[in-house]
Amino acid sequence: MTQTSLFLAAHAASTSNSSDHLALMAFKSQVSSDPSRALVTWGNRSVPMCQWQGVSCGLKGRRHGRVVVLDLGELDLVGTVTPALGNLTYLRLLNLSSNHFHGILPPELGNLYDLEDLQLSYNSIEGKIPPSLSNCSHLVNISINDNKLQGLIPGEFGSLHNLQILHLESNALTGTIPSSIGNLVNLRYLDLTFNNLTGEIPAEIGNLVSLGELDLGYNLFYGSIPASLGNLSALTVLTIPNNNLEHIPPLQGLSSLQILELASNKLTGNIPSWLGNLSSLVYLSLMYNSLVGQIPESLGNLELLQILSLSVNNLSGSVPQSIGNLHDLTELYLSKNALEGSLPHAMFNLSSLELLLLDFNNFTGDFPPDMGSKLPSLKLLFASINQFQGSLPSSICNASMLQVIEIVTTFMSGTIPQCLGTHQENLSVVLLAGSNFESRNDADWGFLAGLTNSSKMRRLVLGSNKLEGVLPNSIGNLSTRMELLSIGDNKITGAIPEGIGNLINLSELDMEYNMLASTIPASLSKLK
């Protein structure tokens, strides 16, 4: 190469480099606050541009000395995004996420033909998504979630055949999902949650054979879930909660699905039995819908299932024995249905179960005497508003992880186990009101001494039972975190213990409709 050509090449590189320099300085000029002083060296002649914080340059070929990366995430920068960034011809990565940028997305970003990764999430950017971004044909990742973007999802995005990740969640986008989205054959992740999108979910999404996660929740979608989604054999996560969907088509082709979240829609009809064929499921939620009929036996085939949520529907019949096959189950939500009959004994073999919600149904029968031993991991037990009978098994004390027990308005009777709380230091809420629990002598009140070991106790509600006798002084040794103590509507006699005044954080004390002595202890004046 001649000296002349070398000079011309160097001059061209210098000129191009200077255009990058000008673009970066224009960016800096639009930053009104830089608390971490990330841009302090920008423009300093003693620091080469390619060594400025957040800036990386190419090392060879046509990108040599040209800005290829602008990575300024999580710096608390405040400002607007300058259109001059569109002059960074060779930029591959633009990351301004987790800052405080506002204003609009400049359409000039569509001039970044080499751009592969656009990360602008967690800012306050407004206006519309510029359709010109579809010119950036090398884009692999668009993450512009958690902003204040409005308007439509550009149909032009359908031409971004290299796109793998599209994060648009937590904005104020409106309109429908463009059918052209079905052209993004390499898309692996699509999240549109928390917008104002409407219409039906386009069947073309079923063309996205590489899709691994699809999140469409908290929008205004209606109609049926497209049957074409059953083609997505690579899909592991499908979440569409809080919409207005009415129908679940056969989707048994989702052989890789691990999470299915369809809560808070308008789904009707029976729970599909084919759900039992989705053998990879670990999470299934159909709560807050209008589903009817019985819980399918086939759900017992989901041996990897950890969370099953069917609360707040119109389900009837008994709980199938096959539920006992779900040995990995940690959370079972059956509240607010019309379920009836005795609980299957096999359910109490689920030793991993932590949350068991059965309240507001028509369940009958007793709790098995060894339930606490068989459910050692139990943390929450909600069984109120049912027709349970029998006593509360003393084995409940073996559930050492127990935090909340609520059994209100049932037909249960007998004494409250004296060991309750003895080895349950995390127990904070005990609601056993509106049943037929008894205490006839001092020994029957022994459970209060046990509960003094629960240092996190906040609420103890025992009203409307058949508790008799004198309140023991040990009630004053309950946790000072106690906020609510309710023992009204019983047949308790004797004096109010002075020790109740030790419960200094008590905000509600209900002792009415008993036969207590009329003198109120002076210690109660210490209560709030």
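Residues numbered from 1 in each chain as written. Predicted model: local features only at pLDDT ≥ 70, side-chain atom pairs only at ≥ 80, totals over all residues. Heavy atoms only, no water.

Overview of the nonpolar core
Step number 1: Judged by nonpolar contacts, the single largest core of 147 residues is most densely connected at Leu70, Leu94, Leu284, Leu308, Ile405 and Leu460.
Step number 2: Looking at this core, the elements that each hand over two or more residues are α1 (3-29), β2 (55-57), β3 (67-71) and α3 (447-451).
Step number 3: Once residues lying within four places of it in the same chain are set aside, the contact partners of Leu94 are Leu70, Leu85, Leu109, Leu115, Asp117, Leu118, Gln119 and Leu120.
Step number 4: With 13 residues, the next largest nonpolar core counts Tyr333, Val429, Ala433 and Val461 among its residues. (Core = buried A, V, L, I, M, F, W, Y, C linked by side-chain atoms within 4.5 Å. Buried < 20%, exposed > 50% of the residue type's maximum accessible area, 1.4 Å probe, protein only. Helix = DSSP H or I, 4+ residues; strand = E, 2+ residues; numbered from the N terminus. Contact = heavy atoms within 4.5 Å.)

A short note on the pattern of salt bridges
Step number 1: Scanning the model with the defined rule gives seven salt bridges in all.
Step number 2: Asp114 is the partner of Arg63 in a salt bridge, and the nearest nitrogen-oxygen pair spans 3.2 Å. Taken together, the positions of Arg63 in the loop between β2 and β3 and Asp114 in the loop between β6 (100-102) and β7 (117-119) put the pair 51 residues apart, joining distant regions of the chain. Neither Arg63 nor Asp114 differs from the other in exposure class; each is buried. (Salt bridge = Lys/Arg side-chain N within 4 Å of Asp/Glu carboxyl O.)

Describing the pairing of β3
Where a strand is regular, its side chains alternate between the two sheet faces.
Step number 1: Looking at chain direction, β2 and β3 are connected through three bridges and run antiparallel. The residue of β3 that forms the bridge with Cys57 is Val67. (Pairing = 2+ DSSP bridges.)

Points about the environment of Met25
Step number 1: By secondary structure assignment, the location of Met25 is in helix α1.
Step number 2: The class for Met25 is partly exposed, based on a relative accessible area of 27%.
Step number 3: Taking C-alpha positions, Met25 is 9.8 Å from Leu39, a pair spaced 14 residues apart along the chain.
Step number 4: Apart from the residues within four sequence positions on either side, Met25 is in contact with Trp42, Gly43 and Trp52.

A look at the state of the cysteines
Step number 1: Inspection of the entire model under this criterion finds two disulfides.
Step number 2: Here Cys50 engages in a disulfide with Cys57; their sulfurs sit 2.0 Å apart. Across the S-S bond linking Cys50 and Cys57, the dihedral sits near -95 degrees, which makes this disulfide left-handed.
Step number 3: With its sulfur 2.0 Å from that of its partner, Cys397 forms a disulfide with Cys419. Of note, the bridge from Cys397 to Cys419 carries an S-S torsion of about 80 degrees and is right-handed in sense. (Disulfide = S-S within 2.5 Å.)

Focus on unusual backbone geometry
Step number 1: With a phi angle near 55 degrees, Val312 is a residue other than glycine that sits in the positive phi range.
Step number 2: Considering the arrangement of structural elements, one finds Val312 in the loop between β22 (307-309) and β23 (314-317).
Step number 3: Judged by its relative accessible area of 22%, Val312 is partly exposed.
Step number 4: We note that Lys336 has phi near 55 degrees; this positive angle belongs to a residue other than glycine.

Some words on the sheet that holds strand β36 (residues 491-494)
Step number 1: An order of β30-β32-β34-β36-β38 is seen for the five strands of this open sheet, with the pairing classed as parallel. The two strands at the open ends of the sheet, each matched to only one other strand, are β30 (413-415) and β38 (515-516).
Step number 2: Strand direction decides the pairing type here: β36 and β38, joined by two bridges, are parallel. Its bridge partner being in β38, Gly494 is matched across the sheet by Leu516.

Some words on the side chain of Ser523
Step number 1: Note on placement: Ser523 falls in the segment after β38.
Step number 2: Accessibility expressed as a relative area gives 11% for Ser523, which makes it buried.
Step number 3: Here the side chain of Ser523 touches Glu498 through a polar contact of 2.6 Å, landing on its backbone oxygen. (Polar contact = N/O pair within 3.5 Å; in protein donor to acceptor, adjacent residues only side chain to side chain.)

Some thoughts on the sheet that holds β6
Hydrogen bonds between backbone groups are what pair the strands of a sheet, and the pairing can be parallel or antiparallel.
Step number 1: Strand order in this open sheet of three strands is β1-β4-β6, and the pairing throughout is mixed. Edge positions in the sheet fall to β1 (31-33) and β6, since each has one partner strand and no second. Neighbour to neighbour, the strand axes of the sheet diverge by 20 degrees on average, direction disregarded.
Step number 2: Note that strand β4 (residues 78-80) and β6 share three bridges and pair parallel. Bridging from a neighbouring strand, Thr80 pairs with His102 of β6. (Axes fitted to C-alpha atoms, helices over the stretch in contact; angles between N-to-C directions.)

Regarding the confidence of the model for the protein
Reading predicted coordinates in detail is not appropriate for stretches of low pLDDT.
Step number 1: Mean pLDDT over the protein stands at 95; residues scoring 70 or higher make up 97%.
Step number 2: Every residue in residues 1-15 is under pLDDT 50, and counting partners more than four places away or in other chains gives one contact. (pLDDT = per-residue confidence, 0-100.)

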